[in-house]
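Coordinate analysis (summary)
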Amino acid sequence: MKQHGRKPVQGQHIAPAVEAELERRIREQPEIPPAHHADALGVGRRSAWRIKKKIADGRGGASVTGVAPRSTIIVPARVRRYLVTAAQNATEIHRGFWSNLHAYASALGAELLVGPFTYQLGLFDEHGPRPEMFSPELVPYLSRKRIELGPLVFMADMNTLPTASRPISDLVTHARGHWGLVPHAKLQLLSVAGVRNGHASQVMTTGCATVPNYTERKAGVKAAFHHVIGATIVEIDERDRVFCRQINAAPDGSFQDLDTMVSNGIVSRGHRIEAATWGDIHVRKLDPLIARATWGYDPLTRRMESSDSIVDALRPRFQFFHDLLDFEARNPHELKKDPLHVFETHVAGRDSVEDEVREAVGFLRAAERDWCKSVVVESNHDRFLDRWLDSLGGGGYRQDPVNAEFFLDMERARFAARRVEATRDPLDDEAERFSLFRHALATRDTKGLAGIAFVPEGGSFEICQGVGAIECGQHGHQGPNGSRGSAVSLSRVARKMNTAHTHTPTILEGIYIAGVSARLNHGYNTGPSSWMQAHTLTYPNGKRTLVTFQDGKWRA
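Residues numbered from 1 in each chain as written. Predicted model: local features only at pLDDT ≥ 70, side-chain atom pairs only at ≥ 80, totals over all residues. Heavy atoms only, no water.

**Thoughts on the overall build of the protein chain**
Along the protein chain, the regular secondary structure elements total 14 helices and 27 strands. Looking at the protein chain as a whole, 56% of its 556 residues qualify as buried. The contacts of the protein chain with a sequence gap of at least 6 include a subset with a gap of at least 24, amounting to 67%. Of the roughly 24200 Å² of accessible surface on the protein chain, a fraction of 51% belongs to carbon and sulfur atoms. (Helix = DSSP H or I, 4+ residues; strand = E, 2+ residues; numbered from the N terminus. Buried < 20%, exposed > 50% of the residue type's maximum accessible area, 1.4 Å probe, protein only. Contact = heavy atoms within 4.5 Å. Areas by Shrake-Rupley, 256 points an atom, 1.4 Å probe, with all protein chains shown as cover.)

Below, the structure written as structure tokens:
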């Protein structure tokens, strides 16, 4: 077969700068075979093995150009960090972003990796995209082969067309249970089910370092609309646990990662975020590790135990709580699968619905901060309160003595609210509708929910109106026109949204779905599961990221 492009010649002379880059990669990534580094840089494998032998022999602390290896800058050897992005052939780099990405890599001591993709099919041969097709600044960082970074696989060999609307939809199993990263200009993230709880993984795209460059046709116009100047930060700790976050740059190339802002090549810290959409709470099943890491709250003692938490480190202006109730005492999911569930909760002393409502109020008050607005988004588990009242109609509450008085109190409130609503103008859409869940919280809170915003089912709460509004008042269980809510159905609403509900972290077409803050085993969710403990963070410029937990940790 005729080959197009250059094949590295074994033993060929290589430029000093490229050899220095090769030596640095071999030093910093000893877990990757030297041949992979050579292939990624398009040089002969003998050069890689020669440098590997030199390092093993202890010769030369500095690189061949006299520049100290970057791995000696900041980061302890036990934690590895990578900034991973993509680049399109024959396309200009976004200079501002590229400069900021280098500045951040230096500040973190991170390895910079770039996965190439081509827009013209004729420019891709069996060896991958040719280095000469890309800006010279990119060449030292281009990786054209699949690279295994411990628990994460960087699929730099994928070369997915930038016009693909769902670039990773058919790649969820390609990483074979590892986390996967695909070079692409459109942000997408999917969670992949694992056989056991806690063993799910994620496959995601990187974002791009080159500017939009597409043909003026439908596919090209769509691709330009979704083109993201950005990258993915990958952190791998000493126990090989992986933590990924999305970096999405502003038009000038500046970006924020957690509390760090990078602009004009300057890295500064201590910046606030705009909002945090926490994974579904399910207060009765709240995971102690996640609660402590997120709010410094211990659900076992129901006290604040620490100020070393996400909310205190990032200081969001808004925090959104979804599925505040689990409704464990009379959860219809569990009653349907386990007829003995009521007996079990009775023996454990956890069969009081009112007690769970009081626990939810106590948690809300513990999680609130003076500088942060707490917002409760009414969700499907919260609405189980209404379902429970409906299910015990006709005197059924008499068979539930533990909850009978609370039942009657709530039912009386519903009737009183209906009396008021019956006298309203039916065309008055602005009139506030009664929410039984809000009533239950307010009447069990000594402050009557003062200072806490409440968004009823189907309501709206927007943030970042000045930079492209993001809807945060939808739980995610309801889709358009009475359909079930999902990432796909909500993407047709044509609005940016931060939702929850599925317990499965997802990024799709402007929809960010948080995971869960509760334990992963709820009793009724048997079989393989894509549930993960994760939050959605929104920055003041409207850019967002998912933060996924590993064993109670949220970053390396």
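**A word on empty space enclosed by the protein**
Picture a little ball the size of a water molecule; that probe, rolled over the atoms, points out where space is still empty. A full pass over the atoms with the stated rule returns three cavities of 30 Å³ or more. Space inside the largest cavity adds up to approximately 80 Å³. Along its surface, the largest cavity is lined by Pro162, Thr163, Ala164, Ser165, Ala185, Lys186, Tyr214, Ala219, Lys222, Ala223 and His226. Split into classes, the residues belonging to the lining of the largest cavity amount to six nonpolar, three polar and two charged. The space that makes up the second largest cavity amounts to roughly 40 Å³. Counted by class, the lining of the second largest cavity contains no nonpolar, seven polar and two charged residues. (1 Å grid on protein atoms, 1.4 Å probe; cavity = no way out; pocket = protein on both sides within 12 Å on 5 of 7 lines; lining within 4 Å. Points joined across faces, edges and corners; volume = space filled by probe spheres on them. Nonpolar A, V, L, I, M, F, W, Y, C, P; charged D, E, K, R; others polar.)

**Here's the deal with the pattern of salt bridges**
Scanning the entire structure with this criterion turns up 35 salt bridges. The shortest N-O distance in the salt bridge between glutamate 235 and arginine 81 comes to 3.0 Å. In this pair, glutamate 235 sits in strand 10 (residues 230-236) while arginine 81 sits in strand 1 (residues 80-88), placing the two residues 154 residues apart along the sequence. Glutamate 137 is paired through a salt bridge with arginine 95; the nearest N and O atoms lie 2.3 Å apart. Of the two residues, glutamate 137 sits in the loop between strand 4 (128-129) and strand 5 (146-149) while arginine 95 sits in helix 4 (residues 95-108), which places them 42 residues apart along the sequence. The exposure class of arginine 95 is partly exposed, given its relative accessible area of 45%. Among the ionic contacts, a cluster of salt bridges with common partners joins Arg383, Asp386, Asp390, Glu411, Arg414 and Glu457. (Salt bridge = Lys/Arg side-chain N within 4 Å of Asp/Glu carboxyl O.)

**As for the nonpolar core**
In this structure, Ile281, Trp295, Leu324, Phe363, Leu385, Trp388 and Leu441 are the most contacted members of the largest nonpolar core, which totals 51 residues. Residue assignment for this core shows that the elements contributing at least two residues are helix 6 (288-295), helix 7 (310-314), helix 10 (353-367), helix 11 (384-391), helix 12 (404-422), helix 13 (436-444) and strand 20 (452-455). Of the residues forming this core, the biggest block, eight residues, is contributed by helix 10. In contact with isoleucine 281, other than residues within four places in its own chain, are Leu286, Trp295, Phe321, His322, Asp323, Leu324, Phe363, Ser517 and Ala518. In this structure, Tyr141, Ile229, Ile233 and Ala249 belong to the second largest nonpolar core, which totals 26 residues. (Core = buried A, V, L, I, M, F, W, Y, C linked by side-chain atoms within 4.5 Å.)

**Observations regarding the pairing of strand 13 (residues 260-263)**
Side chains Thr260 and Val262 of strand 13 all project onto a buried face; the interleaved residues Met261 and Ser263 project onto a face where none is buried. Sheet topology note: the strand 12 (residues 255-257)/strand 13 ladder contains three bridges and is antiparallel. Note on strand 13: the bridge partner recorded for glutamine 256 is methionine 261. Count of turn residues in the strand 12/strand 13 antiparallel hairpin: two residues, of which leucine 258 carries a positive phi of about 55°. As paired elements, strand 13 and strand 14 (residues 266-268) share three bridges and run antiparallel to each other. Within the sheet, the bridge partner assigned to valine 262 lies in strand 14 and is valine 267. (Pairing = 2+ DSSP bridges.)

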